[in-house]
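Descriptive structure summary
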Amino acid sequence: MKATANLKVRVQRKTIEAIDICTFELVGADGRKLPAFSAGSHIDVEMPGGITRQYSLCNESDETHRYVIGVLKDQNSRGGSRALHEEVNEGDLLTISPPRNHFALAHAANHSILFAGGIGITPILCMAQRLAAAGEPFEVHYCTRSRERTAFLGRLGSSSFAPKVNFHFDDGPDEQKLKLESILTSQAAGVQLYVCGPKGFMDAVLSKAREHDWPEDQLHYEFFGAAPEKSESDGSFEVQLASSGRIVIVSKDQTVVQALEEAGVSVVVSCEQGVCGTCMTRVLEGEPDHRDMFLTKEEHAKNDQFLPCCSRSKSARLVLDL
């Protein structure tokens, strides 16, 4: 079953920001203020047809009269972004969740380096606005395929913090392209790194930082999509529900969520890609095979929780707190 959302909003404005990118300004359907949020927050949006997807809020975090999300029409869309672009228009009503934040700004940073790849600019924009308002030192590196595919180009260029924004276009001259080596060669105590974008982009940034011994607690990231990870060696295994002792078989071609739902056991899910953490479940016994991008390496090592929408089991049985 999908995550339960409890806010009704109306699409106040739908704006084309760049090729295949639209923003949606959402206001309370009843005219009331919306719940407050912090920079880096996202909301779950229920699409026509019942699909639920997560989108980062990109407006200023002190605004309570509206939420603004930026959506890329993904050519490999599983239905979410296509539905928003093609079926949702100004005046339509949508159901959303209150904001949640798994990508918050660190307190008292000496300096912040914000990396955005493509549509990953949405939480980064909100962070930049917050840091600028607070008078904190930061820089932005925004990488896109071309100027025509760069959302918020004019907004960033005319902002109060425009001198802190560095644009890097794939089709531009070499001198303006992203030079990770020079940016990340050295790091000082209290410098925080934030990155959001396609997995390959994020892997490149994080790998370079780790290559230069950046501490993990100075690296902050949020994946917004992931390809399901499968292995030829995947086999069946059992999950046991601690509350009843019932055992459910998870076949080679099923996720744990799918097997449980087939057995009549509902688990709240949202992204179904191991990115958002909505379905996180406690593991009481057994060793999970972690395949998510939500939990940290340290959390994986504890093996006391996992994401059943994508992760599997290394042991013959997992006992779950269900």
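Further up the page is the structure itself.
For clarity, every value in this text was computed on a predicted model and none was experimentally measured.

For the rest of this paragraph, the subject is the overall build of the chain. The helix and strand inventory of the chain stands at seven helices and 18 strands. Its C-alpha radius of gyration of 21 Å places the chain within 12% of the 20 Å reference for a compact globule of 322 residues. With the C-alpha coordinates aligned to their principal axes, the bounding extent of the chain is approximately 60 × 50 × 35 Å. Expressed as a percentage of its 322 residues, the buried residues of the chain come to 50%. Taking contacts inside the chain between residues at least 6 apart in sequence as the whole, the part at least 24 apart equals 66%. Carbon and sulfur atoms make up 48% of the accessible area of the chain, which amounts to about 15000 Å² in all. Of the side-chain charges in the chain, 34 are positive and 44 negative, and the distance between the mean point of each set is 3 Å.

An ideal rise of 1.5 Å per residue puts 18 Å on 13 residues; helix α5 (residues 199–211) measures up with 18 Å between its terminal C-alpha atoms. Against β7 (111–117), β8 (138–144), α4 (180–184), β10 (191–196) and β11 (219–222) lie the buried residues of α5. Of the residues trailing α5, D213 is marked for its positive phi of about 65°.

Let us look at the packing of aromatic side chains. Applying the stated criterion to the full structure yields five aromatic pairs. Relative to Y67, the ring of F37 lies with its centre 5.7 Å away and its plane at 85°, an arrangement referred to as edge-to-face. Separated by 30 residues along the polypeptide, F37 in the loop between β2 (21–28) and β3 (42–46) and Y67 in strand β5 (residues 67–72) bring together distant segments of the chain. Among the residues examined, Y67 registers a relative accessible area of 0% and is labelled buried.

Burial analysis of β7 places six of its seven residues in the buried class, which makes it a mostly covered element. By the bridge criterion, six bridges tie β7 to β10 in an arrangement that is parallel. Residue pairing across strands places A116 opposite C196, the latter belonging to β10. As judged from the six bridges shared by β7 and β8, these two strands associate in the parallel manner. In the strand pairing of β8, A116 is matched with Y142.

With that out of the way, let us pick up the sheet that holds strand β6 (residues 93–96). Taken together, six strands build an open sheet; the order of strands is β4-β3-β6-β1-β2-β5 and the sheet is antiparallel. Each of the sheet's edge strands pairs with one partner strand only, and the pair in question is β4 (52–56) and β5. On average, each strand axis in the sheet is tilted by 40° relative to the strand beside it, whichever way the strands run. As paired strands, β3 and β4 are joined by five bridges and run antiparallel to one another. Residue pairing in the sheet places I43 in a bridge with Y55 of β4. Across the sheet, helix α1 (residues 80–87) touches β1 (7–18), β2, β4, β5 and β6, and the angle it forms with β5 is around 110°.

Another aspect to go through is the sheet that holds β11. If you trace the five strands from one edge of the open sheet to the other, you get β9-β8-β7-β10-β11, paired in parallel fashion. On the outer flanks of this sheet lie β9 (165–169) and β11, each paired with one strand and no other. The mean inter-strand angle of the sheet, taken between neighbouring strand axes irrespective of direction, is 15°. In this sheet, β9 lies alongside β8 in parallel orientation, the contact comprising five bridges. Paired with C143 across the strands is H168, a residue of β9. Packed onto the sheet, α5 meets β7, β8, β10 and β11 and runs at close to 160° relative to β10.

A separate point is the nonpolar core. By size, the foremost hydrophobic cluster in this structure holds 48 residues, and its most contacted members are F24, L26, I69, L84, L114 and I124. Top element by residues in this core is helix α2 (residues 121–134). It accounts for seven residues. Look past the residues within four positions of I124 in its chain and what remains in contact with it is F103, L114, F115, A116, V140, Y194 and C196.

Considering all chains together, one arrives at 16 salt bridges under this definition. D203 is paired through a salt bridge with K199; the nearest N and O atoms lie 2.7 Å apart. Of the two residues, D203 and K199 are both situated in helix α5; the distance of four residues between them amounts to about one turn of the helix. Overlapping salt bridges, with partners in common, bring together R13, E25, E63 and R66 in one network.

What follows concerns the pairing of β2. The two faces of a sheet get side chains in turn, since along a regular strand they alternate between them. Within β2, eight of the eight residues are buried, which leaves the element mostly enclosed by the surrounding structure. Where β1 meets β2, eight bridges bridge the pair, whose relative direction is antiparallel. Looking at β2, one finds that V11 is bridged to L26. Here β2 runs beside β5; their pairing, made up of six bridges, is antiparallel. Opposite I21, over in β5, you have L72 as the bridge partner.

Thresholds applied
- Residues numbered from 1 in each chain as written.
- Predicted model: local features only at pLDDT ≥ 70, side-chain atom pairs only at ≥ 80, totals over all residues.
- Heavy atoms only, no water.
- Helix = DSSP H or I, 4+ residues; strand = E, 2+ residues; numbered from the N terminus.
- Rg over C-alpha atoms; globule rule 2.2 N^0.38 Å.
- Buried < 20%, exposed > 50% of the residue type's maximum accessible area, 1.4 Å probe, protein only.
- Contact = heavy atoms within 4.5 Å.
- Areas by Shrake-Rupley, 256 points an atom, 1.4 Å probe, with all protein chains shown as cover.
- Lys, Arg positive; Asp, Glu negative; His and termini not counted.
- Charge placed at Lys NZ, Arg CZ, Asp CG, Glu CD.
- Expected span 1.5 Å × (residues − 1).
- Phe/Tyr/Trp six-rings, centres within 6.5 Å; stacked < 30°, edge-to-face > 60°.
- Pairing = 2+ DSSP bridges.
- Axes fitted to C-alpha atoms, helices over the stretch in contact; angles between N-to-C directions.
- Core = buried A, V, L, I, M, F, W, Y, C linked by side-chain atoms within 4.5 Å.
- Salt bridge = Lys/Arg side-chain N within 4 Å of Asp/Glu carboxyl O.

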